[in-house]
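Coordinate inspection notes
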Amino acid sequence: MSLEGRQSPALRSGSDRSEGPRFHGPVHVVVAVALAGALITLSVSWAASALDRDNDHRLLVEQTRQAAAVISSGIVGIANPLATALKIEAATGDTETQFDQFMVAYVGAGRLFTSASLWEVSASSLSSVANLGGPPALNPTSSRARSLARAATHTTSFVVTQIRSGVLRSIGYAVAEGSSPTFVLYAERAIPANRRVAVEANSAFSDLDYATYLGATTDTADLATTDLSPSELPLTGNVARVSIPFGNSSITLVATPRGQLGGAIGAQLPWVFLIGGMLLTALIAAVADQLVRRRRVAERDAVTIAELYDRLNGLYAEQRSIAETLQRALLPQQHPVIPNVEIASRYVAGAVGVDVGGDWYSVIALDENRFAFVVGDVSGRGIGAATIMARLRFTIRAYLFEGHSPDRVLEMCSRQLDISSDGYLATVLVGVGDRTTGEIRLASAGHPPPLVIGMSDSSYVTIDVGPPLGVGQSEYVVTTAAMPSGSTFLAFTDGLVERRRESLDTGFERLLSATALRPTDLDAWLDGVVSAMGHDGAEDDIAVLALRWTSAHDRSELLSKPG
């Protein structure tokens, strides 16, 4: 019968368990997490800052180009009046009058030019034809003026010259028109003494600090205009530089942003990442510290539990040893000697539980020729089952010695066991054999049928099975089986053939296969049968009794008939 108890997997594993990896202390883990978090945070912040700088520089370059476009349009506004005045003079021939009438709008205080002169160029000289405004800083009789005029006659644009006295004071423009005679219009534009020119709020320079230089260099002497003081020059850091064509020369524009061109969010984003990342790192480090501490507590608890399991395993082994010792003490220590009959038996404890079981077997000699045997199985385990087993064993033994038949023995026992009061059932097979005739008279109270292994074949005895003991008073029928010489009678409890999730018929078939080899040494043969049935790991106990007839008698074949 199956046992109700099961052994804990941890107890079964015993010392087979393996220890898991041990963690370092929380300080090591927290430091590692903090360093990793800080590294990631700094990397993200640096990337955000680099992206912001790159974006800001691209915006600066774009705005500087827009400012250069504004300056280029202003240069056109300077060149056009000069070219137009020359064209009017060439068309009218009235040099001074027309020149004065047209240029008066562009010359004077607060206007485009501080002075404007019309020069006539001859092969060897340069003479002033008309002049408007103050006298020009460049004397028309000077060699520099003649060189400037010649340069103007050889270019389609205007020619630029610097008027300086240590620093740049003004810029001269010269434009030539006509071939005979050739006239050159020369005008001067003053540069503020402090070079400061305010930037309009809505201009292309509104977000920029700038400086313009006449020519390709950014020397202080070439500074034309700026919105800064000289002490703040030259511009450094995030700067953009653009060269703007200016007649036969150029203007160099250098600009730097006054603030964050990409907006405040872009500038603050690296700090947001840095502060947020550090806070998140601190939070993760705190969580890691808690997790590691809990892991260490769990490891200590696991060690404690493992030690408890070791102790429980020891106690389990001790209890199991005691149970098996007690179980075997309840079984016969030796079998009686019966002529012509060889006897072998086995008891194997189930793999689950440490309680005493209720399986038993017994063989007794009744007289010179007759003997009796019993194989039984009490349901459940524990002291109660063992008590019922001992009580039935000795009761059945007494009834057999009194000379009662197997069916009568079971009938009387059915009156003495009641599951409602005792709490147990019992299956029992009782037999009485005659060694001289080979006849066995059997009665079964719910017990598995015995197996007879003949010289040529094996079969289960067809037996009339009555109710188990404990269900109430019952009647039983005797079945007679004849055993030829050399045959073996095998009685057993259901633990030998019963397995979980397997039909009982499969177990009976497996037993037939395990007993196919005829015994020569009954003890060794029975060991082989039990081993072949694969009892290792089975839950129920096993009691097996084998009887082998060793001499000839009157019966030559196995018979089975009602008694």
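For the structure given in this document, a descriptive report is provided here.

Turning next to the overall build of the protein. Check the secondary structure of the protein and you find ten helices and 21 strands. Out of the 563 residues in the protein, the part that is buried amounts to 44%. Sequence separation of 24 or more characterises 69% of the internal contacts of the protein that already satisfy a separation of 6 or more. Summed over its atoms, the accessible surface of the protein is roughly 28100 Å², and 55% of this surface lies on carbon and sulfur atoms.

Packing of helix H6 (residues 383-401) against helix H7 (residues 406-414) brings their axes to within 10 Å, and their N-to-C directions diverge by 135 degrees. By the angle between their axes, H6 is oblique relative to H7. Both H6 and H7 take part in a crossing whose hand is right-handed. Judged by residue contacts, Thr395, Ile396, Tyr399 and Leu400 of H6 engage Val409, Met412 and Cys413 from H7. Its residues assigned to classes, the contact of H6 with H7 shows six nonpolar, one polar and no charged.

Judged by how many residues are buried, H7 sits mostly within the fold: seven of nine residues are covered. Among the residues of H7, Pro406, Val409, Leu410, Glu411, Met412, Cys413 and Ser414 are the ones counted as buried. Where H7 is buried, its residues touch H6, strand S13 (426-434) and strand S14 (439-445).

In terms of residue burial, strand S6 (residues 208-214) counts as a mostly covered element, since seven of its seven residues are buried. Residues Leu208, Tyr210, Thr212 and Leu214 of S6 are buried on one face, and the alternating residues Asp209, Ala211 and Tyr213, pointing to the opposite face, are buried as well. As defined by bridge partners, S6 adjoins strand S9 (residues 249-257) across seven bridges and the pair is classed as antiparallel. When the bridges of S9 are listed, Ala211 appears paired with Val254.

Moving on, we get to the pattern of salt bridges. If you walk through the whole model with that rule in mind, you get 14 salt bridges. In this structure, the salt-bridge partner of Asp54 is Arg58, at a minimum N-O distance of 3.3 Å. On the criterion of helical spacing, the pair formed by Asp54 and Arg58 is a turn pair, its members being four residues apart in helix H2 (residues 26-92). A salt bridge links Asp227 to Arg258, with the shortest nitrogen-to-oxygen separation between them at 2.9 Å. Linking Asp227 in the loop between strand S7 (223-226) and strand S8 (240-246) with Arg258 in the loop between S9 and helix H5 (264-330), this pair joins segments that are 31 residues apart in sequence. Owing to a relative accessible area of 11%, Asp227 belongs among the buried residues under this scheme.

Now for the sheet that holds strand S15 (residues 451-453). Strand order across the open sheet formed by five strands is S10-S20-S19-S15-S16, with antiparallel pairing between neighbours. The sheet is open, and its two edges are formed by strand S10 (341-348) and strand S16 (458-460), each paired on a single side. Strand-to-strand, the axes of this sheet are offset by a mean angle of 15 degrees, without reference to chain direction. In this structure, strand S19 (residues 488-492) lies alongside strand S20 (residues 542-549), joined through five bridges in antiparallel fashion. Counterpart to Phe492 in the pairing with S20 is Val544.

Here the focus is the environment of Ala443. Counting through the fold element by element, Ala443 comes out in strand S14. As for Ala443 and Val478, which are separated by 35 residues in sequence, their C-alpha atoms are 4.9 Å apart. Look past the residues within four positions of Ala443 in its chain and what remains in contact with it is Pro406, Asp407, Leu410, Val428, Leu429, Val430, Ile463 and Val477.

Evaluation of the coordinates by the stated rule reveals ten aromatic pairs. Here Tyr460 and Phe508 contribute two aromatic rings whose centre-to-centre distance is 5.1 Å and whose plane-to-plane angle is 75 degrees, an arrangement assigned as edge-to-face. Taken as a pair, Tyr460 in strand S16 and Phe508 in helix H9 (residues 504-514) lie far apart in primary sequence, 48 residues in all. With a relative accessible area of 13%, Phe508 lands in the buried category. Measuring from centroid to centroid gives 6.4 Å for Phe492 and Phe508, while their planes differ by 55 degrees, and the two rings are tilted. Of this pair, Phe492 sits in strand S19 while Phe508 sits in helix H9, and the two are 16 residues apart along the sequence. Among the aromatic residues, those joined into a ring-pair cluster are Phe113, Phe158, Tyr173 and Phe246.

The next subject is helix H4 (residues 143-153). All of the buried residues along H4 are Ala145, Leu148, Ala149 and Ala152. In a view along the axis of H4, the buried residues occupy a sector of 100 degrees, so they form one face of it. Packed against the buried residues of H4 are strand S1 (115-121), strand S2 (126-133), strand S3 (159-165), strand S4 (167-177) and strand S5 (182-190).

This brings us to unusual backbone geometry. For the bond running from Leu233 to Pro234, omega is 0 degrees, close enough to zero to count as cis. For Arg195, which is not glycine, the phi torsion reads 65 degrees and is therefore positive. By the element assignment, Arg195 lies in the loop between S5 and S6. Relative accessible area serves as the criterion here: at 8%, Arg195 is assigned to the buried category. A positive phi angle, near 55 degrees, is found at Arg501, a position not held by glycine. Summarising the element assignment, Arg501 is placed in the loop between S19 and H9. By relative accessible area, which is 83% here, Arg501 ends up exposed.

Rules of the game
- Here the residue numbers are simple positions, counted from 1 along each chain's written sequence.
- pLDDT decides what is reported in this predicted model: residues at 70 or higher carry local features, side-chain atom pairs at 80 or more are listed and counted, and totals for whole chains, interfaces and linings draw on all residues regardless.
- Computation of side-chain values: all heavy atoms of the structure, hydrogens and water removed.
- Helix and strand labels come from DSSP, where a helix needs a run of H or I of at least four residues and a strand needs a run of E of at least two; each type is numbered from the N terminus.
- Only protein chains enter the accessibility calculation, which uses a 1.4 Å probe. A residue is then buried if its area is under 20% of the maximum for its type, exposed if over 50%, and partly exposed in between.
- Contacts between residues were defined by any pair of non-hydrogen atoms, one from each residue, lying within 4.5 Å.
- Each accessible area is a Shrake-Rupley estimate made with a 1.4 Å probe; only the visible protein chains count as cover when residues are assessed.
- Convention adopted: a line fitted to C-alpha atoms gives each axis, helices being fitted over their contacting stretch, and angles between N-to-C directions are expressed from 0 to 180 degrees.
- With respect to orientation, any angle under 35 degrees is reported as roughly parallel, any angle over 145 as roughly antiparallel, any angle of 65 to 115 as roughly perpendicular, and every other angle as oblique.
- Crossing chirality is assigned from the near helix's rotation relative to the far helix, an anticlockwise turn below a right angle marking it left-handed and a clockwise turn marking it right-handed.
- The nonpolar class holds Ala, Val, Leu, Ile, Met, Phe, Trp, Tyr, Cys and Pro. Asp, Glu, Lys and Arg form the charged class, and all remaining residues, Gly among them, are polar.
- In short, DSSP must find at least two bridges between two strands for them to pair.
- Salt bridge, as applied in this entry: a Lys or Arg side-chain nitrogen positioned within 4 Å of an Asp or Glu carboxyl oxygen.
- Side-chain rings of Phe, Tyr and Trp, where Trp is taken by its six-membered ring, are said to pair if the distance between their centres is within 6.5 Å; with planes under 30 degrees apart they count as stacked, over 60 as edge-to-face, and otherwise as tilted.
- Directions from the helix axis toward the C-beta atoms define the arc.

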